[in-house]
Each structure stands twice: as structure tokens, then as C-alpha cells.
Amino acid sequence: ASFPFQAAWCVLPSRVLLVLTSQKGIQMYESDGSIMVYWHALDVTEHPPAQAVFARGIAAAGGRFICVGTSSGLVLVFDIPPKGTNITVSEVLEQHRDAITDIAAELGQAPDGAGDLVTADDAGTLCVWSAGEEFTLLGKIPAFGCTCSSVKLWNGIVAAGYGNGQIRLYEAATGLLRAEVNAHARWIYALDLAPQTGKLLSGAEDSFVHVWKLSRNPDTDDVEIEHCHAECVTDTQICGARFCDPEGNSFAVTGYDLSEIFRYSRA
């Protein structure tokens, strides 16, 4: 059996696909899961025998592409037709030397030159891309000795969560560090962003879920982050956390060894 590694709905203007990754490959389904429209096997022969092969990091980009990361550090760009199964690998992005951990597309309005896609790897390196017929590397944010486990992109701000419990905010256009918060005592496993409000959700091994608010100061253009809410899920190493609505008024959380999903709403 091949266990699913990750699942994501990829919303393109013409269609919505459910993308699953596993050790064996990448599967794309119609959004209700009824029909598999594409299967991409991962090439085990490219890897050393002892190394695990997997795909991780899924994002729709540029209106017609779905990007998926791999354990060898490659990002596969799939060209998705408006309908049907004629899906092709249009490009392979080769900038990362370590396994891809997460990929995020712009969820707001990117300022000029900020790019619309960010990729992260196990070493903590981030790459900012402009999506299109050919993807262009706009900038590289160097690693600082810590895995970047989760990344989001909103209004030209890169929000990155790390294995040391930090959240760092970078300017997508320049790669400049604009803010850092020691958000958690342990490894951050999940970040999510509510596009309409700029709320950021972080969940970690320390059993805490935090809600933050990102903003840009209209006078100075500074990137600001404020803490809004904390929730402790007792005795649970949180491994998944997502907002349930675009405003960020409710969120869902799950943890290792849990068969339940907890949902929290603003009273």
C-alpha cells in the first residue's frame, strides 16, 4: 500500500483538481474524487537506495499550472488544460538542493516584482518565482540552519514557519527579513492564511495553535504582525491546522495519533 502524504484542492480558473501525493507518485482527481485524471510516478532510480522518495508541497499557480515538490529538491510544473486528461509536465524547477517541504502561491495582490509563488526546502532555503509560460526565479532567501516546514505568501509578504518554532516574515520582492516571532516552543508543522483579513494560523508540536494578524503600515509600508489568539490542544502534537473560511473566523486542527479534527469558531 502507498500512504497518502499530502492532499490539496488546487483551484484554477477553469477547474478544481484534488491532488494527492504519496511515496509512489502524484495523483490528480476531479474535485469530488470520482475520476483520476492523471498519475505521475516518481522515479525511484534517481535516488540513493536508502533514501525515501516522496512528493510534498502542492500549489496552483499562474492560472493553469500546478506545482508539486519532490524529495530530490525538484519542483514539477504541470500544465493543466481547461478540461480532460491531457496534463503534461511543462517544466522542472531545479534550484533547491534539499527536499521540498512546502509550496505556496500568492493569496492576495502581489506588489510589482514580488512574484506569485514561493518554494521551501528542508535546509530552510526559500525561492521566490514568477509563474508563466516559463517560470522565472526572482530571488533566493538563504537558509539559516533550520528547516522551513511551512510557507505562505500574501500581498508580497512571505510568511515562513521553522523547526525552531520561529515565524519569519520576508519581503517577496527583495528577500529582506521584515519581522521574526518566537511563536512556538517546538517545531511548527502548519501555517495557514486567511486571504481576506491577513490572519495567519500556526500550529506546532508544543500543542499550541496561534492566530496572528499580518498587515502593512500604510504610511511606512512596514510589515507588522500582531498576536490575536492562542488555543492549547492538550497532550496533542499538532500536525495540521487550517482556517475554515476566507476571513479566518474559524479553524480546524488535528494532531498525531488523532482520528478527530477539532474545529474552533469565534464566539
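Here the structure is a predicted model, which means the values were calculated and not measured. (Residues numbered from 1 in each chain as written. Predicted model: local features only at pLDDT ≥ 70, side-chain atom pairs only at ≥ 80, totals over all residues. Heavy atoms only, no water.)

### A short note on the overall build of the chain
So, step 1. From N to C terminus, the chain includes zero helices and 23 strands.
So, step 2. Taken along its principal axes, the extent of the C-alpha atoms in the chain is 45 × 45 × 40 Å.
So, step 3. Across the chain, contacts joining residues at least 24 apart in sequence account for 41% of those joining residues at least 6 apart.
So, step 4. For the chain, the distance from the average position of its 17 positive side-chain charges to the average position of its 32 negative side-chain charges is 2 Å. (Helix = DSSP H or I, 4+ residues; strand = E, 2+ residues; numbered from the N terminus. Contact = heavy atoms within 4.5 Å. Lys, Arg positive; Asp, Glu negative; His and termini not counted. Charge placed at Lys NZ, Arg CZ, Asp CG, Glu CD.)

### Brief notes about the UniProt feature "repeat: WD" (unreviewed entry) in the chain
So, step 1. Residues annotated by UniProt as "repeat: WD" (unreviewed entry) correspond here to residues 181–222.
So, step 2. Along residues 181–222, the helical share is 0% and the strand share 57%, with 15 Å between the first and last C-alpha atoms. (UniProt positions renumbered as here; feature names shortened; annotations may be inferred.)

### Concerning the layout of surface pockets
So, step 1. What the second largest pocket holds in volume is close to 180 Å³.
So, step 2. For the lining of the second largest pocket, the secondary-structure elements that each account for two or more residues are strand 20 (223–232), strand 22 (250–255) and strand 23 (262–265).
So, step 3. Sort the elements by how many residues they give to the lining of the second largest pocket and strand 20 lands first, with three residues. (1 Å grid on protein atoms, 1.4 Å probe; cavity = no way out; pocket = protein on both sides within 12 Å on 5 of 7 lines; lining within 4 Å. Points joined across faces, edges and corners; volume = space filled by probe spheres on them.)

### Description of the environment of Tyr162
So, step 1. Inspection of the secondary structure puts Tyr162 in strand 14 (residues 157–162).
So, step 2. Considered as a pair, Tyr162 and Asn182 are 20 residues apart in the sequence and their alpha carbons are 9.9 Å apart.
So, step 3. What Tyr162 contacts, discounting residues up to four positions off in sequence, is Gly124, Leu126, Phe144, Cys146, Thr147, Cys148, Ser149, Arg168, Tyr170, Trp187 and Ile188.

### Focus on unusual backbone geometry
So, step 1. A positive phi is found at Ser207, a non-glycine position, where the angle reads about 80°.
So, step 2. Following the sequence through the fold, Ser207 ends up in the loop between strand 18 (199–204) and strand 19 (208–216).
So, step 3. One non-glycine residue, Asp221, adopts positive backbone phi at about 65°.
So, step 4. Here Asp221 shows up in the loop between strand 19 and strand 20.
So, step 5. Judged by relative accessible area, which is 44%, Asp221 ranks as partly exposed. (Buried < 20%, exposed > 50% of the residue type's maximum accessible area, 1.4 Å probe, protein only.)

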